[in-house]
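Here's the letter readout for the chains.
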Amino acid sequence: MTAQPRVLSGIQPTAGSFQLGNYLGAVRHWVDLQETHDAFYCVVDLHSITVEQKPDELRRNTLLAYAQLLAAGVDPHRSTLFVQSHVPEHTQLGWVMQCITGYGEASRMTQFKDKSARGGADHSSVGLFTYPILQAADILVYQADGVPVGEDQRQHLELTRDLAQRFNSRYGATFTVPKPLIVSDTAKILDLQDPTAKMSKSLPNGAVFLLDDPKVITKRIKSAVTDSETEVRFDPATKPGVSNLLTVLAALTGREPAVVAADYDGRGYGALKADAAEAVVGFAAPYAASVAELVGDPAELQRTMRVGADKARAVAAVTVATAYERLGLVDLG
Ligand code: TYM
């Protein structure tokens, strides 16, 4: 049997609930990729602490994030599903990667610029600055071939590829150079209140949180900003709000947005919003029920986490040992 290509991806447990963009842009594809790939998926709790977290909330949100991945369809028997801080090799390789990253190179990461601009650069941690380098280590430590993510992660993946190539050319072929797997249709779900921005946990007013009450979800979608016309047409450049709703509805019903648009000929935005809300709630309600059941048994979640961590460590430890050896760090024999 030939080995399946490997994928790795991660998600932060920062908010209690994933937002719709996380699911449509990433997690849904993770579930599909289990069929064809050797899949590694992690809750990246160490990334979340780059901004201050309340310890009890972080603990709870990490359990919730792990449960959400299970509820969305990540199968821990087929995939390696784990929590980043349970695998210390991520931070070990993270340090190695920091040492081959240029300061200027790290300074060009736009997500850091955006996040630090919001909070003020003086209040940003060094961890927030080096965050993309830890992300590179997350990927490289598993020798991943592909990384399924939304569009906002593209620059981080370019850095990852650069670091892998740099290490390989300095110290000999060590790391697989990974490719981004970005499914363009849903790679950037937009904010419902400001359809020029991506939907994000950090802009809660325009986000749909999947664990919210169905009434809240419906209200959010029904009050989405559209435009002053009445025609439902898939045209992301001039009608971003309407096109975003079509993208969501199409993704959840397995159709193409332009085909979905034809259903609303002469029916206006109200009908589209109602159907989009129904489709999202149709997914979110059973998902939330499943998450509630899973977090009701934290001991079982921990058991599953341990199995995932053991499987992940078995792979990650080999990569770190090889990288250390290539670097000239002395081993104990
Ligand atoms: P995070 O936690 O912000 O988001 C998780 C995934 O959701 C995608 N996503 C979106 N996709 C479409 N439309 C949106 N509005 C939207 N919002 C979020 C993200 O692109 C991502 O795929 N740095 C990463 C976490 C990470 C990681 C990794 C990812 C850490 N290590 C290694 C891949 C590989 C992040 O903050 O994702």
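Here, the structure is the one placed above.
Owing to the predicted nature of the structure, the values given are computational and were not obtained by experimental measurement.

Considerations on the overall build of the protein chain
The helix and strand tally for the protein chain stands at 13 helices and five strands. In terms of C-alpha radius of gyration, the protein chain reaches 21 Å, essentially the compact-globule figure of 20 Å for 333 residues. Looking at the 333 residues of the protein chain, the share that counts as buried comes to 50%. Of the accessible surface of the protein chain, which amounts to about 15600 Å², a share of 54% is contributed by carbon and sulfur atoms. Across the protein chain, the 32 positively charged side chains and the 38 negatively charged ones have centroids separated by 2 Å.

Observations regarding the site of the ligand
The environment of the ligand is formed by 28 residues, the closest being Y131, D138, G150, D152 and I189. At 3.2 Å, a backbone N or O of G21 approaches a nitrogen atom of the ligand. Between the ligand and Q135, the relevant distance is 2.8 Å, taken from a nitrogen atom to a side-chain nitrogen or oxygen of the residue. Within the complex, the protein chains bury 96% of what would otherwise be the 720 Å² of accessible surface of the ligand. Within the residue set of the shell around the ligand, elements represented by two or more residues are β1 (6–11), α1 (20–33) and α7 (126–140). Residue classes in the shell around the ligand are distributed as eleven nonpolar, twelve polar and five charged.

Some points on the nonpolar core
In terms of nonpolar packing, the biggest core is built from 60 residues, with L69 and I221 touching the most fellow members. At twelve residues, helix α12 (residues 268–295) tops the list of elements feeding residues into this core. Beyond its immediate chain neighbours, meaning those up to four positions away, L69 contacts I11, F18, V27, W30, V43, V74 and L81. Of all hydrophobic cores here, the second largest spans 38 residues; its members include L8, I139, V141 and L157.

Parameters at a glance
- Residues numbered from 1 in each chain as written.
- Predicted model: local features only at pLDDT ≥ 70, side-chain atom pairs only at ≥ 80, totals over all residues.
- Heavy atoms only, no water.
- Helix = DSSP H or I, 4+ residues; strand = E, 2+ residues; numbered from the N terminus.
- Rg over C-alpha atoms; globule rule 2.2 N^0.38 Å.
- Buried < 20%, exposed > 50% of the residue type's maximum accessible area, 1.4 Å probe, protein only.
- Areas by Shrake-Rupley, 256 points an atom, 1.4 Å probe, with all protein chains shown as cover.
- Lys, Arg positive; Asp, Glu negative; His and termini not counted.
- Charge placed at Lys NZ, Arg CZ, Asp CG, Glu CD.
- Near = heavy atom within 4 Å.
- Polar contact = N/O pair within 3.5 Å; in protein donor to acceptor, adjacent residues only side chain to side chain.
- Nonpolar A, V, L, I, M, F, W, Y, C, P; charged D, E, K, R; others polar.
- Core = buried A, V, L, I, M, F, W, Y, C linked by side-chain atoms within 4.5 Å.
- Contact = heavy atoms within 4.5 Å.

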